[in-house]
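What follows is each chain in one-letter form.
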Amino acid sequence: MGPTAKDIVINAWKTFKTRDAGLIAGLFTPDAEWIAPEDNATAVALSHTHHMIGADQIAHFIAFEMHKLFSEIDISFRGIHADGDTVIVEERMRATLPGGRPYDNDYCFVFKLADERISLVREYMDTRRGWQAIFEIWPA
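Residues numbered from 1 in each chain as written. Predicted model: local features only at pLDDT ≥ 70, side-chain atom pairs only at ≥ 80, totals over all residues. Heavy atoms only, no water.

**Some points on the packing of aromatic side chains**
In this structure the tally under the stated criterion is 13 aromatic pairs. Here the aromatic rings of Trp 13 and Phe 77 are separated by 5.8 Å at their centres, their planes lie at 70°, and the arrangement is edge-to-face. Taken together, the residues span a long stretch of sequence, with Trp 13 in helix α1 (residues 5-16) and Phe 77 in strand β3 (residues 71-83) at a distance of 64 residues. According to the relative accessible area criterion, Phe 77 is partly exposed, its value standing at 41%. Each member of the aromatic cluster is reached from another via a ring pair, and the members are Trp 13, Phe 16, Phe 28, Trp 34, Phe 77, Tyr 107, Phe 109 and Phe 111. (Phe/Tyr/Trp six-rings, centres within 6.5 Å; stacked < 30°, edge-to-face > 60°. Helix = DSSP H or I, 4+ residues; strand = E, 2+ residues; numbered from the N terminus. Buried < 20%, exposed > 50% of the residue type's maximum accessible area, 1.4 Å probe, protein only.)

**Observations regarding the pairing of strand β6 (residues 117-125)**
Alignment of strand β1 (residues 28-35) against β6, held across four bridges, turns out to be parallel. Directly across from Trp 34, in β6, lies its bridge partner Val 121. Taking the residues that link successive antiparallel strands as the turn, the strand β5 (residues 102-114)-β6 hairpin has two residues, and the phi of Asp 115 there is positive, at about 50°. (Pairing = 2+ DSSP bridges.)

**Some thoughts on the pattern of salt bridges**
Summed over the entire model, instances satisfying the criterion amount to eight salt bridges. Linking Lys 68 and Glu 65 is a salt bridge whose minimum nitrogen-to-oxygen distance equals 3.2 Å. By relative accessible area, Glu 65 is classed as buried at 13%. The residue Asp 104 makes a salt bridge to Arg 92 at a minimum N-O spacing of 2.5 Å. Taken as a pair, Asp 104 in strand β5 and Arg 92 in strand β4 (residues 86-96) lie far apart in primary sequence, twelve residues in all. The class of Arg 92 is partly exposed, set by a relative accessible area of 23%. Within the structure, one salt-bridge network assembled from shared partners comprises Arg 78, Arg 92, Asp 104, Asp 106 and Arg 129. (Salt bridge = Lys/Arg side-chain N within 4 Å of Asp/Glu carboxyl O.)

**Overview of helix α5 (residues 127-134)**
Helical geometry note: an α-helix holds 3.6 residues per turn, so side chains three or four residues apart project in the same direction. Taken residue by residue, α5 has Gly 130, Gln 132, Ala 133 and Ile 134 as its buried positions. On the buried face of α5, the contacting elements are α3 (41-45) and β5. Taking the backbone nitrogen of Arg 128 as reference, a side-chain oxygen 3.3 Å away marks Asp 126 as the first, capping residue of α5. (Contact = heavy atoms within 4.5 Å. Polar contact = N/O pair within 3.5 Å; in protein donor to acceptor, adjacent residues only side chain to side chain.)

**What about the sheet that holds β6?**
Spatially, the six strands line up as an open sheet ordered β2-β1-β6-β5-β4-β3, and their pairing is mixed. Across the chains shown, the open sheet's two edge strands, defined by having one partner strand only, are β2 (51-53) and β3. Put simply, the sheet's adjacent strands are angled 15° from each other on average, direction ignored. In this structure, β5 lies alongside β6, joined through eight bridges in antiparallel fashion. Opposite Val 110, over in β6, you have Arg 122 as the bridge partner. Lying on the sheet, α5 is in contact with β5 and β6; it crosses β5 at an angle near 135°. (Axes fitted to C-alpha atoms, helices over the stretch in contact; angles between N-to-C directions.)

Now the structure itself:
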């Protein structure tokens, strides 16, 4: 018996930390999709799409692109829940933005698996909080 869906996703997060695009791409099906909220602050700040298609595009973003905006990334998991080929990850991401500003946001990811690889990720986050942190827009 192979790894559980939960094991596959936990291993994916460990692999993301390596920043090895080849290893990361191997976690995904060739036609995998990663869908985040449209016009989210990270995508806008990096002039990047919110809907990545293909293992190579996703891996390149995780290994290289996101690190142009975020450094000293610290992820704490609040919960990892699995049902069949679906895994839900709740997490808090803290990082340092250019100029030393802090980033602190909550995320929820829904992973769909196929043949022990990730075929779809739907990403949810507090988009307002992300905009406030990245673009220094603080509430009055």
